[in-house]
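Here are the chains, one letter per residue:
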Amino acid sequence: MISFSAVSKRYPGGQDALRGVSFALESGEFAFLTGHSGAGKSTLLKLIPAIERPTSGSVVVNGQNIGALRRSAVPYLRRNLGLVFQDQKLLFDRSVYDNVMLPLSFSGQRPREAARRARAALDKVGLLARERANPVQLSGGEQQRLAIARAVVNRPALLVADEPTANLDAESAAHIIDIFVSFHQVGVTLLIATHDQALIERYGKRVLRLAEGKLAA
Amino acid sequence: MIGWLRQHRDACARALGKLRAQRAATLLNALVIGVALSLPAGGYVLLANLQGVAQRFSFEPQLSMFLKPGAKRGELESRLRADARVAQLRFVSREEALKELREAEGLADVVAALEHNPLPDAFVLRATTGSDAATLEALATRLRALPGVAQVQVDSAWAQRLGALANIGRLALAALAALLATGLVAVTFNTIRLQILTQRDEIEVSQLLGATDAFVRRPFFYLGLLQGLAGGVLALGILWGGLAILNPGVRELAQAYGSSFQLAFLSGTAALALVVFSALLGWVGALLSVSRYLR
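Residues numbered from 1 in each chain as written. Chains lettered and ligands numbered in written order. Predicted model: local features only at pLDDT ≥ 70, side-chain atom pairs only at ≥ 80, totals over all residues.

A tally of helices and strands in chain B yields ten helices and four strands. Element order for chain B, N to C, with α for helix and β for strand: α-α-β-α-β-α-α-β-α-β-α-α-α-α. Computed over the C-alpha atoms, the radius of gyration of chain B is 30 Å, more than 25% above the 19 Å expected from 2.2 N^0.38 for a compact globule of 295 residues. The burial tally for chain B puts 25% of its 295 residues in the buried class. (Helix = DSSP H or I, 4+ residues; strand = E, 2+ residues; numbered from the N terminus. Rg over C-alpha atoms; globule rule 2.2 N^0.38 Å. Buried ≥ 20, exposed ≤ 12 C-beta atoms within 10 Å, placed from the backbone.)

What follows is the structure, encoded as structure tokens:
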């Protein structure tokens, strides 16, 4: 599903964010990506939806080589990925429901089908009752669940989340991870970046550990 | 195909939603465009009306030669027939002239007030077609030298002058229209730029979640197009209102001359062209702005 081989990323200015990273994530896997802040977690995750391009090495996602992907092909790659961003990127000028509808508006879905999918996604994260609310009115945990609902509304086979439990209390964080586990149980592949060691140990999943841009065994 | 149509309908609906959400700004922008467009359009209406007046009169190279009382008509006529520059010749007696005058628009009252016929006999000559102003003037000078000739008038001179004036007017109008069109593109450019800036977040999130460039840009094109359209319609309204205000005065003035003349509104085609042109300008402004600020 995802395959990195000898991937390096150097930002303009000469800073090496990733150095020779190689790993593969099989379809249906659930892996945590961990490491100190600045270890390169976010950079690695940004390579998957082609937000950043590798400086060298190859990144292959769903059979597509990210380094060689044309700009016009990027949107179609992203529609098949579920992305949860570190800063969530919710839109506060519209309701919870309209936030989830956003990705469906791109693909020219039939309105009835789109509405059904949006409600199903909200239901999965337990926010169906709040669909008319503005995201501002939601708690931190609810906002994160909204970001997840928006990420899965297109039913992606791969879900990538960057620090989805940061700034959440233990209970909310556990709720978030439970949602991820339920997706995993229906076959979704997950890659979740976190620096929460306790969380990683509790779930006992595969761990990719980054340190100074390199993958530790 | 249906999906594509739906995307366009959605983009148009989103643009309309934006316009509705900012009613005051929308109205002001449309007003700027409308006022700017109504200026050249108004000039065009005046010019078209003026040309209509000018074209009712002949542009043929015609001269009128008025005779002194007691002039020898037969001798003059044979001399005129001998001149190669004269293509046609018609004698108008003073009685005939008075009759024509009586039938002319607006002069019946004047003629009725006359105690005796003040008009002279006259020849109306048409010079060979294609004669320019200088030839006509030379001919007139020669005719003036003939015995028994009181006055020679080059009839088409004023029409030619009016024509030349209208040409200058049209040129000035074209320059004004080009200038204001540039202004309109700039106005739309700036409005769309501000729209893009206020929607930075939405654009960024949309792109991250898989919106194509076309999807992101489409509503802005519609925004420019609709704004131009509204401005064009408003310009028509301003023009119509302006004529409604001017026309009672024009009618009154024309009536004083016994004419039923009044300023005519744009033809249907011209009105449609104005609105389409305005919408097109809005679209161009949006295109420039989008290609500059949406990467």
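Turning our eyes to something else, we now look at the overall build of chain A. Scanning chain A from N- to C-terminus turns up seven helices and ten strands. Expected size for 217 residues packed as a compact globule is a radius of gyration near 17 Å; at 17 Å, chain A falls within 12% of this value. Seen through its principal axes, chain A has C-alpha atoms that stretch 45 × 40 × 35 Å. Counting all 217 residues of chain A, 39% fall into the buried class. Look at the contacts in chain A between residues 6 or more apart in sequence, and 69% of them connect residues 24 or more apart. (Contact = placed C-beta atoms within 7 Å.)

With that settled, the discussion passes to the interface of chain B and chain A. Between chain B and chain A, the contact holds 14 residues from the first and 13 residues from the second. Elements supplying a minimum of two residues to the side of chain B that touches chain A: α1 (2–21) and α8 (200–208) of chain B. The element contributing the most residues to the side of chain B that touches chain A is α8(B), with five residues. Within the side of chain B that touches chain A, the residues separate by chemical class into five nonpolar, five polar and four charged. (Nonpolar A, V, L, I, M, F, W, Y, C, P; charged D, E, K, R; others polar.)

Before going further, it helps to spend a moment on the domain arrangement of chain B. Each assigned domain of chain B is listed here: domain 1 (2–56 + 160–293) and domain 2 (62–155). In this structure, domain 1 of chain B and domain 2 of chain B have C-alpha centres spaced 51 Å apart. (Domains from an automatic or database assignment.)

This part is about the packing of helix α3 (residues 96–106) of chain A against helix α5 (residues 140–152) of chain A. Residue and element names in this part refer to chain A. Two elements in contact, α3 and α5, have axes separated by 7 Å at closest approach and are oriented at 30°. By the angle between their directions, the pair α3 and α5 is classed as roughly parallel. Two packed elements cross with a definite hand, and for α3 against α5 that hand is right-handed. When α3 is examined against α5, the residues V96, N99, V100, L102 and P103 are found in contact with a partner set consisting of L146, A149 and R150. For the contact of α3 with α5, the class distribution of residues is six nonpolar, one polar and one charged. (Axes fitted to C-alpha atoms, helices over the stretch in contact; angles between N-to-C directions. Parallel < 35°, antiparallel > 145°, perpendicular 65-115°, else oblique. Left-handed = near helix turned anticlockwise from the far one by under 90°.)

Let us now look at the packing of α1(B) against helix α9 (residues 213–256) of chain B. Residue and element names in this part refer to chain B. Contact geometry of α1 with α9 gives a least axis separation of 8 Å together with a crossing angle of 55°. Considering their axes alone, α1 and α9 lie oblique with respect to each other. Here α1 and α9 pass one another in a crossing that is right-handed. On α9, the residues touching Q7, H8, A11, C12, R14, A15, L16, K18 and L19 of α1 are F215, R218, P219, Y222, L223 and L226. Taken together, the residues that form the contact of α1 with α9 break down as ten nonpolar, two polar and three charged.

All names here are of chain B. Within the fold, L28 resides in helix α2 (residues 23–55). Overall, L28 belongs to the exposed group, with 12 C-beta atoms counted inside 10 Å. In the structure, L28 is positioned 139 residues away from N167 in sequence and 34 Å away in space, judged by C-alpha atoms.

All names here are of chain A. One open sheet holds the six strands; their spatial order is β6-β7-β8-β3-β9-β10, and the pairing between them is mixed. Strands at the two margins of the open sheet, each flanked by one partner only, are β6 (81–84) and β10 (214–216). Pairwise comparison of adjacent strand axes, ignoring direction, gives a mean angle of 20° for this sheet. Here strand β9 (residues 206–211) pairs with β10 via three bridges, running antiparallel. Looking at the pairing, L210 lines up with L215 of β10. Sheet contacts for helix α6 (residues 170–185): β3 (30–34), β7 (158–162) and β8 (189–193); angle to β8, the most-contacted strand, approximately 155°. (Pairing = 2+ DSSP bridges.)

Residues and elements named next belong to chain A. In space, the four strands of this open sheet follow the order β2-β1-β4-β5, with antiparallel pairing throughout. The open sheet has two edge strands, β2 (15–25) and β5 (64–65), and neither has a second partner. Note that strand β1 (residues 2–11) and β2 share seven bridges and pair antiparallel. Bridge pairing links V7 to V21 in β2.

Residues with a pLDDT of 70 or more make up 95% of chain B, whose mean pLDDT is 85. Both confidence scores are given for the complex: pTM 0.74, ipTM 0.92. (pLDDT = per-residue confidence, 0-100.)

If you look at the biggest cluster of nonpolar residues, it comprises 58 residues, and the most contacted ones within it are V100(A), A149(A), L159(A), V160(A) and I192(A). Excluding its chain neighbours within four sequence positions, the residues that come into contact with I192(A) are F32(A), L33(A), A161(A), P164(A) and F180(A). Listed in part, the 34 residues of the second largest apolar core include I196(B), L223(B), L226(B) and L263(B). (Core = buried A, V, L, I, M, F, W, Y, C linked by C-beta atoms within 7 Å.)

All names here are of chain A. Residue alternation in β6 divides its side chains into two sets, L81 and L83 and G82 and V84, and both sets are buried. Relative to β7, β6 runs parallel, the two sharing four bridges. Bridge pairing in β7 links L83 to V160.

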